[in-house]
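# Observations on chain architecture
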Amino acid sequence: MAETSPRHLLIPFAGRGSPACRAALPTLRLPNLETLLLRLTLADTDSQDESTRSPPHERALAQALGISAADGCIPWAALEARKTGLAAPGDHEGWGLVTLCNWQVGIDDVALGDPSAIEIDAAESMALLAVAGPFFEEDGIALYPSDTPGRWLACAPIFDGLATASIDRAVGFPISQWSPLGDSARPLRRLQNEMQMLLYTQRVNDDRAARGVPPINSFWLSGTGALKNEAARPAATPEVDDALRIAALRDDGAAWAAAWQALDAGAIADLLSDYTRGADVTLTLCGDRAAQRYTVQQRGLARWAKSLFDRTRASSVLESL
């Protein structure tokens, strides 16, 4: 029999505390997840409160990749720059992710809209990069395109040690709640204001208005930090499944439940199949407050007998995240 490679499946937003998603929890029927939870062992739980800038799924992914960083300083941009060749091995420069977005202006506050909903293409992203680049350069920040339209990589000393909130924390909330504070972040707040005025005048937004899609009127900074140490190569690089993300951020309980059902029939069923064939599998479930990592461990006879009468309810596990 051919040896099966180890697998690690990581699921963000597996639990969600927003009203509609929480109400949908009791309706979930996830037989493959329940079977998998029955056969695996809880190996680690990372619990924090919802005020952390780095959400549980980002902390769990960083841990799996061997990256140690303070809250809000997981160097996702530096890691991407290293992978794309913008940063050479051994470089310890500060990097950040600049994500174009739509700030939704309300009566009392300004909220961050989900950048995945702005429908920006590569041509629009490059056109805006050409316009924005000189403004960032005045503050010593170099901008580079990334593989994702609407997201740029930024390099500057200011990003080393600057704590920023993940977009997955900030979407739907007032900008003031998650914006970086302190004197070191003052140039960034000024840049955000400048970009609001600059982007308002761009033809890209005129074309977007004609298409009926939201205007791009500012940016969000995240993934800041420097890659100080080489991360250890994990036995199995986590496969991050974002199927639940959009519904969770929009608090669409019905869509979130439907996405969970599809996930259970798809990726979860595949992981269970690999386990049945003898593979070393890991499952990490992440919510707003916690991440739980389940692994394969040997079970004694007494524990096996107990498991026959102690079937795990998936909804209770997801509610604890």
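Everything below is about the structure printed above this text.
If you're wondering where the values come from, they're calculated on a predicted model, not measured in any experiment.

## Regarding the overall build of the chain
Looking only at helices and strands, the chain features 13 helices and eleven strands. The globule rule puts the C-alpha radius of gyration for 321 residues at 20 Å, and the 21 Å found for the chain is close to it. Each principal axis of the C-alpha atoms in the chain carries an extent, and together these give about 70 × 45 × 35 Å. Counting over 321 residues, the chain shows a buried share of 50%. Considering only intrachain contacts with a sequence separation of at least 6, the fraction spanning at least 24 residues in the chain is 76%. If you sum the accessible surface of the chain, you get close to 15400 Å²; carbon and sulfur atoms cover 53% of it. Treating the 29 positive side-chain charges of the chain as one cloud and the 40 negative ones as another, the clouds have centres 6 Å apart.

## Examining the sheet that holds strand β7 (residues 151-155)
The strand order across the open sheet formed by four strands is β6-β7-β3-β8, and the pairing between neighbours is antiparallel. Sheet topology places β6 (142-145) and β8 (218-226) at the edges, where each strand pairs with a single neighbour. Within the sheet, the average angular offset between the axes of one strand and its neighbour, ignoring direction, is 30°. Two elements, strand β3 (residues 94-101) and β7, share five bridges in a ladder whose sense is antiparallel. By the bridge assignment, L97 is partnered in β7 with L153. Docked against the sheet, helix α4 (residues 76-84) engages β3, β7 and β8, running at close to 100° with respect to β3.

## Digging into the pairing of strand β11 (residues 290-295)
The side chains of a regular strand alternate between both faces of the sheet. For β11, the tally of buried residues reaches five of six residues, placing the bulk of the element in the interior. Pairing analysis gives six bridges linking strand β2 (residues 41-47) to β11, with the strands arranged antiparallel. Looking across to β11, one finds that D46 is bridged to A291. Sheet analysis places strand β10 (residues 281-286) next to β11, joined by five bridges and oriented antiparallel. If you follow C286 over to β11, its bridge partner there is A291. In this structure, the hairpin formed by β10 and β11 is closed by a connection of three residues.

## What about the pairing of β7?
Taking burial as the measure, the five residues of β7 include four buried ones, the bulk of the element. Where β6 lies against β7, four bridges are found, and the strand directions are antiparallel. Across the sheet, the residue bridging to L143 is A154, located in β7. Counted along the chain from β6 to the antiparallel partner β7, the turn is five residues long, and its residue G150 has a positive phi close to 85°.

## Description of the packing of aromatic side chains
The full count for this structure, using the stated rule, is two aromatic pairs. Relative to Y144, the ring of W95 has its centre 5.8 Å away and its plane inclined at 40°; by these criteria the two rings are tilted. Of the two residues, W95 is situated in strand β3 and Y144 in strand β6; the sequence distance between them amounts to 49 residues.

## Regarding the sheet that holds strand β9 (residues 239-240)
Taking strand neighbours across the sheet as the criterion, the five strands line up as β2-β11-β10-β1-β9 in an open arrangement whose pairing is mixed. Each having just a single partner strand, β2 and β9 make up the two edges of the open sheet. The pairing of strand β1 (residues 7-11) with β10 spans five bridges and is parallel. Residue R7 lies in a different strand from β10, and its bridge partner there is V281.

## Structural notes on the pattern of salt bridges
Going through the model one piece at a time under the given rule, you end up with 14 salt bridges. One salt bridge connects R59 with D46, and the closest N-O pair in it is separated by 2.8 Å. With a gap of 13 residues between them, R59 in helix α3 (residues 56-64) and D46 in strand β2 connect regions that are remote in the sequence. Taken individually, R59 and D46 each receive the classification buried, so the pair is uniform in this respect. Note that D274 and R277 form a salt bridge whose closest N and O atoms lie 2.3 Å from each other. Exposure remark for D274: the relative accessible area of 7% places this residue in the buried category. Salt bridges sharing partners connect three or more residues here, namely R7, E239, D274 and R277.

## Some points on unusual backbone geometry
The phi angle at E119 is positive, at roughly 55°, despite the residue not being glycine. By the secondary structure assignment, E119 is in the loop between β5 (110-112) and α5 (122-137).

## So, helix α8 (residues 186-200)
Helix length check: α8, at 15 residues, gives a terminal C-alpha distance of 22 Å against a target of 21 Å (1.5 Å per residue), a fit within 8%. The elements touched by buried residues of α8 are β4 (103-105), α5, α9 (203-211) and β8.

## Some words on the nonpolar core
By size, the foremost hydrophobic cluster in this structure holds 45 residues, and its most contacted members are I11, L33, W256, W260, L283, L285 and L318. Sort the elements by how many residues they give to this core and helix α11 (residues 253-276) lands first, with nine residues. Among all residues touching L283, those that are not within four sequence positions of it are H8, L9, I11, L33, L36, L37, L40, I268, L271, Q292, R293 and Y294. Counting 25 residues, the second-largest nonpolar core is a separate cluster that includes I118, A185, L188 and M195.

Reading the values: the criteria
- Residues numbered from 1 in each chain as written.
- Predicted model: local features only at pLDDT ≥ 70, side-chain atom pairs only at ≥ 80, totals over all residues.
- Heavy atoms only, no water.
- Helix = DSSP H or I, 4+ residues; strand = E, 2+ residues; numbered from the N terminus.
- Rg over C-alpha atoms; globule rule 2.2 N^0.38 Å.
- Buried < 20%, exposed > 50% of the residue type's maximum accessible area, 1.4 Å probe, protein only.
- Contact = heavy atoms within 4.5 Å.
- Areas by Shrake-Rupley, 256 points an atom, 1.4 Å probe, with all protein chains shown as cover.
- Lys, Arg positive; Asp, Glu negative; His and termini not counted.
- Charge placed at Lys NZ, Arg CZ, Asp CG, Glu CD.
- Pairing = 2+ DSSP bridges.
- Axes fitted to C-alpha atoms, helices over the stretch in contact; angles between N-to-C directions.
- Phe/Tyr/Trp six-rings, centres within 6.5 Å; stacked < 30°, edge-to-face > 60°.
- Salt bridge = Lys/Arg side-chain N within 4 Å of Asp/Glu carboxyl O.
- Expected span 1.5 Å × (residues − 1).
- Core = buried A, V, L, I, M, F, W, Y, C linked by side-chain atoms within 4.5 Å.

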